[in-house]
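Below are the chains, spelled out letter by letter.
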Amino acid sequence: MRKFDVVVVGAGPAGGQCARWLAKSGYQVLLVEQHETFEKNNFSSAATPLETLEKFDLPEDVVGSFWHNLVIVTTNLTRNWDAPQTLGAVLNFAKLKQFLADEVKSCGGEVWLGCRYVRYVQTDGETRVELKPRGREPITVKTQVLVDATGPARAVMYPKESEKPAFFKPSGIEYLIEVSDNDYDKYAHSLWFFLGHKWMPKGYSWIFPMEKPRLKVGAASYRLDHKIIKHTESIRYYIDLLIHEHIRAKDYRIIDTHGSTLHYSSGLRDIYYRDNIIAIGDAVSMVNLLGGEGIRHAMHCAEIAGKHIQQYLKGQSASFQEYQKELYQKFYRTWNLSEKICKQRYLIESDEKIDEGVSYLTPLDTQEMMDIVFYYKFNKLSKSLIVYLIRKIRSWWKAKYVMKYKS
Ligand SMILES: Cc1cc2nc3c(=O)[nH]c(=O)nc-3n(C[C@H](O)[C@H](O)[C@H](O)COP(=O)(O)OP(=O)(O)OC[C@H]3O[C@@H](n4cnc5c(N)ncnc54)[C@H](O)[C@@H]3O)c2cc1C
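Keep in mind the model is a prediction, meaning the values are calculated, not measured.

(A) Spotlight on helix α5 (residues 235-247). Over its 13 residues, α5 runs 17 Å from end to end, which matches the ideal 18 Å to within 8%, given 1.5 Å per residue. Among all positions of α5, only I235, Y238, I239, L241, L242, I243, H246 and I247 are buried. R248 sits one or two residues past α5 and shows a positive phi near 55°.

Next up, the structure:
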């Protein structure tokens, strides 16, 4: 029977990065993925700040396009924050996962694609993992540590669907479309987010650029009752709306349609570890609900896990309790606050409130907007709120007294 130091189940950004980190540190690693190619599960829009490329040493090959501009459109407003320098990238999700898997192999690890995790058994102090390669007999391997990086499936931590607790389940669908060069140029170098009841009630939609002349056009719905809105159309309806009413594309071709449903544990109540098993990435709700950004956080979490797995394998720690503590220290407050804001914005507010919220943001510079959208520094909002209120009071003063005096 083959024996590994670590078996990582799921070759998304979390599993790929964890396996890469451990293989680089000299451990015998096996990374298994149920899909036979990375093109098959290419669901993510994969917009990310530049930091992701630098922090995780990712090559330009995995980038679809770079952007330096943020645009927010509501039912009645459009606001734009531009920078002279590159702010981030839209990744090619399949290429990112392929790159991480290739790195695992080049560091001496093994990657088994088209191989589904079935179950684990603890016998005589050993962990045996049963895997099912497509079209072949099941294989069992031994491991010292087993990693659940199966994203929303949480296949290792929750073997039975019936045992899973209730999750918050926002769904997203995205089209990869090819448009004319003229249409593409309007959206090149920018991340466009659409809020408000016209564009995407109970959620948001987006247009992100990929390689010329391709655009990612998508929409996400939080799929819970809205305080005001009683009826919504299908997610695809809102994607079509963007294509026909915003891009106004006459000639376009749909290259690919993909999507997925996140399973987020409200209040971060996931199972983070059990004996020598540890969960990472979306399997422990590392995606931030506000804008659905999860790749950077999944990779960050994978490295934190990598460090704790190393300590465990060296006999320096007997459990993964400290891993959970470290994740809580880094994410707990911010993730809970993001969840609250997300529910307020997407499931309670009126269209006027959403317009007003985006108006508050107008006084902010581009860096401050990046701090809010990607770094969740919500304290920056107080500055914009103060400037907004001063402006409101000034215009009210002008209308009430100055105009009266003139007349
Ligand atoms: C529509 C949409 C758009 C998004 N856009 C962005 C974005 O713009 N920017 C961003 O940063 N994030 C975005 N995200 C979130 C981001 O994609 C996820 O947070 C991220 O992929 C999580 O990585 P992960 O490795 O934890 O999980 P996943 O990427 O879900 O990977 C889990 C892997 O485990 C495999 N697996 C599952 N069960 C088994 C099994 N039994 N055996 C073997 N393998 C198994 C799956 O096939 C999969 O490959 C988006 C998500 C969605 C749904």
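(B) Local environment of the environment of L191. Mapped onto the elements, L191 comes out in strand β13 (residues 190-194). Considering only alpha carbons, one finds L191 and V71, 120 residues apart in sequence, at a separation of 6.1 Å. Apart from residues no more than four positions distant in its own chain, L191 is found in contact with A47, W67, N69, L70, V71, V90, I207, F208 and F374.

(C) Broad picture of unusual backbone geometry. Between K212 and P213 the backbone carries a cis peptide bond, its omega angle lying at 0°. As for its position among the elements, P213 is in the loop between β14 (203-209) and β15 (214-221). The phi angle at D57 is positive, at roughly 50°, despite the residue not being glycine. Here D57 is to be found in the loop between α2 (51-55) and β4 (63-67). One non-glycine residue, L268, lies in the positive phi region at around 50°. With respect to the secondary-structure elements, L268 resides in the loop between β16 (253-261) and β17 (273-274). By relative accessible area, which is 1% here, L268 ends up buried.

(D) Quick look at empty space enclosed by the protein. Counted by the stated rule, this structure contains one cavity of 30 Å³ or more. By volume, the largest cavity amounts to about 50 Å³. The wall of the largest cavity is formed by L195, G196, H197, M200, P201, K202, G203, H226, R345, Y346 and I354. Considering only residue class, the lining of the largest cavity consists of five nonpolar, four polar and two charged.

(E) The environment of V90, seen in detail. By secondary structure assignment, the location of V90 is in strand β7 (residues 88-91). With relative accessibility at 0%, the residue V90 sits in the buried group. Taking the C-alpha atoms as reference, V90 lies 9.4 Å from E211; in sequence the two are 121 residues apart. Beyond its immediate sequence surroundings of up to four residues, V90 is in contact with S45, A46, A47, V63, G64, S65, W67, L191, F208, P209, M210 and K216.

(F) Expanded view of the site of the ligand. Neighbouring residues of the ligand: 34 residues in total, closest A14, E33, S44, A47 and D282. A distance of 3.2 Å is found between an oxygen atom of the ligand and a backbone nitrogen or oxygen belonging to P13. With respect to the ligand, the backbone of G294 contributes an N or O atom lying 2.9 Å from a nitrogen atom. Protein contacts shield 95% of the accessible area of the ligand, which totals 1,000 Å² for the unbound molecule. Residue assignment for the shell around the ligand shows that the elements contributing at least two residues are α1 (13-24), β9 (115-123) and α6 (295-313). Ranked by the residues each element gives to the shell around the ligand, the list is headed by β9, at three residues.

Rules and cut-offs
- Residues numbered from 1 in each chain as written.
- Predicted model: local features only at pLDDT ≥ 70, side-chain atom pairs only at ≥ 80, totals over all residues.
- Heavy atoms only, no water.
- Helix = DSSP H or I, 4+ residues; strand = E, 2+ residues; numbered from the N terminus.
- Expected span 1.5 Å × (residues − 1).
- Buried < 20%, exposed > 50% of the residue type's maximum accessible area, 1.4 Å probe, protein only.
- Contact = heavy atoms within 4.5 Å.
- 1 Å grid on protein atoms, 1.4 Å probe; cavity = no way out; pocket = protein on both sides within 12 Å on 5 of 7 lines; lining within 4 Å.
- Points joined across faces, edges and corners; volume = space filled by probe spheres on them.
- Nonpolar A, V, L, I, M, F, W, Y, C, P; charged D, E, K, R; others polar.
- Near = heavy atom within 4 Å.
- Polar contact = N/O pair within 3.5 Å; in protein donor to acceptor, adjacent residues only side chain to side chain.
- Areas by Shrake-Rupley, 256 points an atom, 1.4 Å probe, with all protein chains shown as cover.

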